[in-house]
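# Geometric and topological summary
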Amino acid sequence: MSRSSHDPSRTLTLPITGMGCAACVTRVEDALKPLPGVDTVSVNLATEKAVVTASSAPDAVALVHAVREAGYDVAEDILILDVSGMSCAACSSRVQTLLERTPGVLEAGVNLATGQARVRIPAGTLSAADLARRITEAGYESRVHEAGPDREDRERAARKRELSRVRQALSLAAVLTLPILVLDMGGHVFPAFHHMVHGTLGTQTVYLLFFLLATGVQFGPGLSFYRKGGPALIRGAPDMNSLVMLGTSAAYGYSVVATFLPGILPAESVHVYYEASAVIITLVLLGRYLEARAKGATSEAIRTLMGLRPRTARVWRDGDWTEVDVDQVLPGDRVQVRPGERIPVDGVVEEGRSWVDESMITGEPVPVDKPVGAALVGGTINGQGAMTLKAQRVGSDTVLAQIIRMVESAQAARLPIQNLVDQVTRYFVPAVMGIALVTFLVWFFFGPAPALTLALVNAVAVLIIACPCAMGLATPTSIMVGTGKGAEMGVLFRGGDALQSLRDVQVVALDKTGTLTRGRPELTGITVLEDWDEARVLTLAAALESRSEHPLAQAVVRGARERGLTLPEVERFESLTGRGLQGRVDGHALIIGSPRFLAEAGVDLGDAQEAVARLAGQGSTPVLVAVDHRPAALLGISDPPKPSSAAAVARLKSLGLKVVMITGDDERTARAVARQLGIDEVVAQVLPEGKVDAVQRLRASGDKVAFVGDGINDAPALAAADVGLAIGSGTDVAMESAGVVLMSDDLRQVAHAIALSRATIRNIKQNLFWAFAYNATLLPVAAGVLYPFFGLLLSPVFAAAAMSLSSVSVLSNALRLKRFKPEG
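Residues numbered from 1 in each chain as written. Predicted model: local features only at pLDDT ≥ 70, side-chain atom pairs only at ≥ 80, totals over all residues. Heavy atoms only, no water.

On to the overall build of the protein chain. Helix and strand counts for the protein chain come out as 29 helices and 30 strands. Counting all 824 residues of the protein chain, 52% fall into the buried class. A total accessible area of about 35,800 Å² is found for the protein chain, and carbon and sulfur atoms account for 56% of it. (Helix = DSSP H or I, 4+ residues; strand = E, 2+ residues; numbered from the N terminus. Buried < 20%, exposed > 50% of the residue type's maximum accessible area, 1.4 Å probe, protein only. Areas by Shrake-Rupley, 256 points an atom, 1.4 Å probe, with all protein chains shown as cover.)

Below, the structure written as structure tokens:
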């Protein structure tokens, strides 16, 4: 064994799935051994693990790719870490780089707005605690992200503590800065005031007063910039705190020299800038305070979802109803739900009946009737009825827990558009420091008198104006608000790619059965033949059909029961598979089935032939009823469109999208449904794998295609599309093939999801434009490029105000998404 095998940093264990024999072991080893740097490979079929040792830190991404190319897979874990101490995009970029360079990490994403890192690793190869420790050693505070019933309380308390800390620091800084601002800036505005103050107290006394107040700001509220910015600068990874620290220290230090050692400065350069250092710190703290408040608003969706979960439940234990913590509820427990209470866990109604408000799960405002046997979702609100439910899914398995995980995952996601921001911010702060140094040197050597003063002022302005906070917040804040708004509407984005890709969709392909239609056959029409009464003939037909389990038969029975008909007894029942039924009801001989079956049975169809053709042309399945060998009625059975389908198709078209229906039904039925709904293009008579081919043909034209299906039979097509949208039932959200899950079966949510995606990406672009435009415009102004032409310089105080305003404006713009309202 090579020496590297004794070094844990050079060894990686991969959990391999899909191996079935010794030949598989050989194939995996052969796939891994040729990779650069790999010394040894040992694959164990029993443990299903591959141990790889390398001459240096192994490349996990290359190893996993090689295993998958060989036809096997590697099980993965997603680790979530809470990271605090990040103040700008440069911070989040550095934490991400640190994680990406950690051996064993396949992918890492760090979200400045949420303060979270999301790390994808081969299952079991790294611990979240180890990764958190690495981040902490790099100068940031990190811990493993916790989940559980008390997490929301802990997070709310932590936010309150942070907000209180920043508020206290801001208040102290403002109190100490205000006298400096009044005495110094007041003198600039009113020269008489300046002469009065300096004439009464003396210039040196005024400077000493400024020194005492500014020192309190610099090393009181401003100490946090030194604690974070100093170590970052020493590590060669400067961040926003480093810029503020350098800028204010330069202004403060220069002022201290001018106060106590004025003789070492040129006479024309003896000025103090205590107001600049103090006001800059105060304004930066003000910006952070406003940011902290705004960030709290962006994560409101998660807090709302967490708040839906009841803390306790009444369960039947030891012969009595006992109130227990909701985490103690077990699958199979009987749980009592009183009127007006939130349902504590997922289950089915065992006793009682009520109407339940499921709006926070499905986005549907109308309460849903819940009889015995109906599914209940934890977190929804019971109406006026009392119920007993049988618990099915508890804890992290509930629908609500899945939704929260899905929303958190989407909010932590990194959109492809973020890559540009990362590349810029990674080198932005060092570049700004270089620009500040060049600005100082140019003004010092080539500027007018007082050169030293002007050089200092402009260099400080450059350092302060160029903070990349706005760039770092531009994307994640919009994602947080947009995905949160989606969850509120019942639209769940599983990741950032879906959120961005959905905006670019040009074609929406829709499955028919269960997506556009109700998903089960219904009796949609009765044509009475000869002189039969409609209710009478339906009673006879439904009685015979009640003995059959066929879906068409059950549709007839449901139709009769909905009309309140009582079904008589059946005699001599006979089912001829694939053809029809026959028997005796109330003394009449009945034959029910297709026109061909009745003709073969010797029934003279006569004028019924024309009605059959007309009904088939409308997309319905014609079922003939013969009583005593004479045609009595023609039943039309079809899978009718959902009430929302026609409006949804119209809305999609109004968004400029091409709508296509893909179905396994025959061409005539499919086109009849398409005509009702206003769909122009139909792909019919395709199997599930044929749906994949249809999607790929639509994509071959260069269009981005979204496929909408029920998430079960349509899984291959959902995965093949650019974006898959799964219609959920409100009780099954774990649809792995879809990028977007729609919690309601209302098809209008497809248009809502697309409109929300467009609004979110538009919001992100607005944020990025203003963030980049702000730095691109004001950085040269801060450096003094306008001075030779217009005599204009940017005061460091105004630079600090503009810097804080840029971050707050980005957050405020992102929060506008909370007001998003879908049309239609």
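This part takes up unusual backbone geometry. Leave glycine aside and you will find that most residues have negative phi; peptide bonds, for their part, are mostly trans. Between Ala449 and the following residue, Pro450, the backbone shows a cis peptide bond with an omega angle of -5 degrees. Among the secondary structure elements, Pro450 is positioned in the loop between α14 (418-446) and α15 (451-465). Unusually for a residue other than glycine, Arg572 sits at a positive phi of about 55 degrees. Examined against the element boundaries, Arg572 turns out to sit in strand β21 (residues 570-576). Residue His629 is not a glycine yet carries a positive backbone phi of 65 degrees. We classify His629 as partly exposed; its relative accessible area is 45%.

Bringing the sheet that holds strand β28 (residues 705-709) into the picture now. Reading across from one edge, β18-β30-β29-β28-β19-β26-β27 is the order of the seven strands in this open sheet, with mixed pairing throughout. Whereas interior strands pair on both sides, the edge strands pair on one side only; in this sheet they are β18 (491-493) and β27 (681-683). Between one strand axis and the next, the sheet turns through 20 degrees on average, direction left out of account. Where strand β26 (residues 658-662) lies against β27, three bridges are found, and the strand directions are parallel. Bridge pairing in β27 places Ile662 opposite Val683. (Pairing = 2+ DSSP bridges. Axes fitted to C-alpha atoms, helices over the stretch in contact; angles between N-to-C directions.)

Taking 1.5 Å of rise per residue, the 12 residues of helix α20 (residues 551-562) would be expected to cover 16 Å, and the 16 Å separating its terminal C-alpha atoms lies within 8% of that figure. Of the positions making up α20, those classed as buried are Ala553, Ala555, Val556, Val557, Gly559 and Ala560. Tucked into the core, α20 has its buried residues touching β20 (522-528), α19 (534-545) and β25 (630-638). Once α20 finishes, Gly564 follows within two positions and takes phi at roughly 75 degrees, a positive value. (Expected span 1.5 Å × (residues − 1). Contact = heavy atoms within 4.5 Å.)

Let us look at the packing of helix α9 (residues 240-260) against α15. The geometry of α9 relative to α15 is characterised by a closest axis approach of 8 Å and an angle of 160 degrees between their N-to-C directions. By the criterion of interaxial angle, the relationship of α9 to α15 is roughly antiparallel. You can see that α9 and α15 cross each other, and the crossing is left-handed. Taking contact as the criterion, the partners of Leu243, Val244, Leu246, Gly247, Ala250, Ala251 and Tyr254 in α9 are, on α15, Leu452, Thr453, Leu456, Val460, Leu463 and Ile464. Of the residues in the contact of α9 with α15, the class split is 11 nonpolar, two polar and no charged. (Parallel < 35°, antiparallel > 145°, perpendicular 65-115°, else oblique. Left-handed = near helix turned anticlockwise from the far one by under 90°. Nonpolar A, V, L, I, M, F, W, Y, C, P; charged D, E, K, R; others polar.)

This part covers the nonpolar core. Counting 136 residues, the largest nonpolar core has Leu99, Leu502, Val508, Leu725, Val740 and Val750 as the members making the most contacts within it. The element that contributes the greatest number of residues to this core is helix α27 (residues 748-783), accounting for 16 residues. Val740 has contacts with Val491, Leu492, Phe493, Ala498, Leu502, Val723, Gly724, Leu725 and Ala726, leaving out every residue within four places of it along the chain. Within the second largest apolar cluster, 25 residues are counted, among which are Ala542, Ala560, Ile592 and Leu635. (Core = buried A, V, L, I, M, F, W, Y, C linked by side-chain atoms within 4.5 Å.)

Turning next to the packing of aromatic side chains. Tallying each qualifying case throughout the model produces 11 aromatic pairs. Ring centres of Phe440 and Phe444 lie 5.9 Å apart, and the angle between their planes is 5 degrees; on these two criteria the pair is classed as stacked. Placement of both Phe440 and Phe444 in helix α14 is noted, with a separation of four residues, approximately one turn of the helix. The class for Phe440 is partly exposed, based on a relative accessible area of 24%. Residue classification places Phe444 among the partly exposed positions, given a relative accessible area of 36%. Plain terms: the ring middles of Trp443 and Tyr787 are 5.2 Å apart, the flat faces sit at 70 degrees to each other, and that makes the pair edge-to-face. Here Trp443, found in helix α14, pairs with Tyr787, found in helix α28 (residues 787-790); they are 344 residues apart in sequence, far enough to count as distant. The rings of Phe211, Phe219, Tyr226, Tyr252, Phe260 and Tyr274 are connected pair by pair, giving a single aromatic cluster. (Phe/Tyr/Trp six-rings, centres within 6.5 Å; stacked < 30°, edge-to-face > 60°.)

Turning our attention to the side chain of Thr248. Secondary-structure assignment places Thr248 in helix α9. The buried category is assigned to Thr248, whose relative accessible area is 2%. Sequence-distant contacts of Thr248, that is, excluding residues within four places in its chain, are made with Gln218, Ser277, Ile280 and Ile281.

With that settled, the discussion passes to the pattern of salt bridges. The final tally for this structure, using the stated rule, is 22 salt bridges. Between Arg68 and Asp73 there is a salt bridge, and its shortest N-O distance comes to 2.6 Å. Taking the relative accessible area as the measure of exposure, Arg68 reaches 35% and is therefore partly exposed. Exposure remark for Asp73: the relative accessible area of 34% places this residue in the partly exposed category. Salt-bridge contacts for Arg536 lead to Asp586; the nearest nitrogen and oxygen are separated by 3.2 Å. In this pair, Arg536 is assigned in helix α19 and Asp586 in the loop between β22 (580-585) and β23 (588-593), connecting sequence segments 50 residues apart. Its relative accessible area of 30% is what places Arg536 among the partly exposed residues. Put simply, Arg68, Asp73, Glu76, Glu107 and Arg120 are held in one network by salt bridges that share partners. (Salt bridge = Lys/Arg side-chain N within 4 Å of Asp/Glu carboxyl O.)

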